[in-house]
Amino acid sequence: MKKFIAKALLLSVVTCGLAFSVHAWDEVGHKLTAYIAWQRMTPDVRARVIKILLTAPEDAQLATFYSGYGSRSEDTRNREFFMTIATWPDIIRDKKFNTRFTKYANSNWHYADTFWTWKDGKAEPVSDAEPSGLAMQKLTDFNQVIRGTASDADKAIAIAWLEHLIGDMHQPLHASSRTTSSNPKGDQGGNLFLLTPKGTPREKQENLHWFWDSIVVRYMPNVKDQCDADYLDPIAQDIMKLYPYESLKGRLSPGKFDAWKTESYDISSTEVYKGIDWFEMPSDAYKKKAFGIAQERMALAGYRMADLFNEVFATQGPMPVATPSK
């Protein structure tokens, strides 16, 4: 009985959202991207991906996030599991779980910065900057893992990282580091661009990177403290209505990870730093602009993720795309 209660408590936490420190698109952003991908994945691909994820090494603790009990449909449980796994590379950054952290957490896998500076009124790449971040290399590596002869356990880890990294590389500040006289080595994707007043205690400081990570919650806060199905699913569905797959199909550039990164870099170097100042929170107009950009980036990330998994994990010929699940 005690084991059952403990299991039920864990599942209730997963169902209603996890509370943990996140980096990159926050938990909400990653789950929205995964939801959009799930809706484009065919039924056989969904089933195969879930089956592989459940074979992950025990010390990775992926399977602990599978909600196997309750009255919800199997597709709903599978979808929420898939959405949660998109946040796993951030969950494992918690150093309190030493084995999991030591074996699987890699902070420099979450970004791949292009360094740039303003020159003559426009953004210009800094050619002599040292490379920073391994996200592009890891996207390539994990793409090869899921296509090759690796064990399902290894593919499970690769799927989890691909879910996360595809989302990461669509957040503009995960592809950019702006150099200035005050930050000659780059602003670490906006992490050093402070938005709170000078003298704000470190634990209360907010920066540009986190502003963009959390833009959905900032623009559409979960004021009713709803569970994921009530809060996230309608937002994702609205994004898909605003940016249908067919409207973006010509821009998806399947498998061209460099092109995906270039899009983010271009947005960062042309839009992100416009209309903001150091030590001042952005205006409502800026927040609205950022939310609009994020919606399109999440749609692109979700569709690209789905196309990748549909291509790799299809067990038969082409199948009709699944209709959105409720």
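Since the model is a prediction, treat every value here as computed from it, not as a measurement.

Novice: Mind laying out the nonpolar core, listing which residues take part and the relevant values?
Specialist: Counting residues in each nonpolar core, the largest one holds 89 residues, and the members touching the most others are Leu53, Leu62, Phe82, Trp88 and Phe309. When residues in this core are grouped by element, the largest group, 16 residues, is from helix H14 (residues 284-313). If we skip the residues at most four places from it in the chain, Trp88 touches Ala60, Leu62, Phe65, Tyr104, Ile157, Ala160 and Trp161.

Novice: Summarise helix H7 (residues 135-147); cite the residues concerned and give the values.
Specialist: In a regular helix each residue adds 1.5 Å, so 13 residues correspond to 18 Å; H7 covers 18 Å between its end C-alpha atoms and thus fits that length. What H7 keeps buried is the set Ala135, Met136, Lys138, Leu139, Phe142, Asn143 and Ile146. Down the axis of H7, the buried set is contained in an arc of 160°. They therefore lie on one face. Structurally, H7 contributes buried residues whose contacts are with helix H8 (152-168), helix H13 (257-272) and H14.

Novice: Could you give an account of unusual backbone geometry, with specific residues and numbers?
Specialist: Even without being a glycine, Gln188 presents a positive backbone phi close to 55°. Its place among the elements puts Gln188 in the loop between strand S3 (176-178) and helix H9 (208-213). Located in the positive-phi region is Phe279, a residue other than glycine, with phi close to 65°.

Novice: How would you summarise helix H3 (residues 43-53) if you had to cite specific residues and measurements?
Specialist: What H3 keeps buried is the set Asp44, Val45, Arg46, Val49, Ile50, Ile52 and Leu53. Tucked into the core, H3 has its buried residues touching helix H2 (27-40), helix H4 (74-85), H8 and H14.

Novice: Describe the confidence of the model for the protein chain, with residues and values.
Specialist: Overall, the prediction assigns the protein chain a mean pLDDT of 90, with 89% of residues at 70 or greater. In this model residues 1-23 is a low-confidence stretch, pLDDT under 50, and it forms 39 contacts with partners more than four residues away in sequence or in other chains. Scored below 50 in pLDDT, residues 317-326 makes 21 contacts in the model with residues more than four places away or belonging to other chains.

Novice: Describe the sheet that holds S3, with residues and values.
Specialist: Spatially, the three strands line up as an open sheet ordered S2-S1-S3, and their pairing is mixed. The open sheet has two free edges, formed respectively by strand S2 (122-125) and S3, since each of these has just one partner strand. Averaged over all neighbouring strand pairs, the angle between strand axes comes to 40°, with direction disregarded. Both strand S1 (residues 114-119) and S2 contribute to a ladder of four bridges, which runs antiparallel.

Reading the values: the criteria
- Residues numbered from 1 in each chain as written.
- Predicted model: local features only at pLDDT ≥ 70, side-chain atom pairs only at ≥ 80, totals over all residues.
- Heavy atoms only, no water.
- Core = buried A, V, L, I, M, F, W, Y, C linked by side-chain atoms within 4.5 Å.
- Buried < 20%, exposed > 50% of the residue type's maximum accessible area, 1.4 Å probe, protein only.
- Helix = DSSP H or I, 4+ residues; strand = E, 2+ residues; numbered from the N terminus.
- Contact = heavy atoms within 4.5 Å.
- Expected span 1.5 Å × (residues − 1).
- Arc of directions from axis to C-beta.
- pLDDT = per-residue confidence, 0-100.
- Pairing = 2+ DSSP bridges.
- Axes fitted to C-alpha atoms, helices over the stretch in contact; angles between N-to-C directions.

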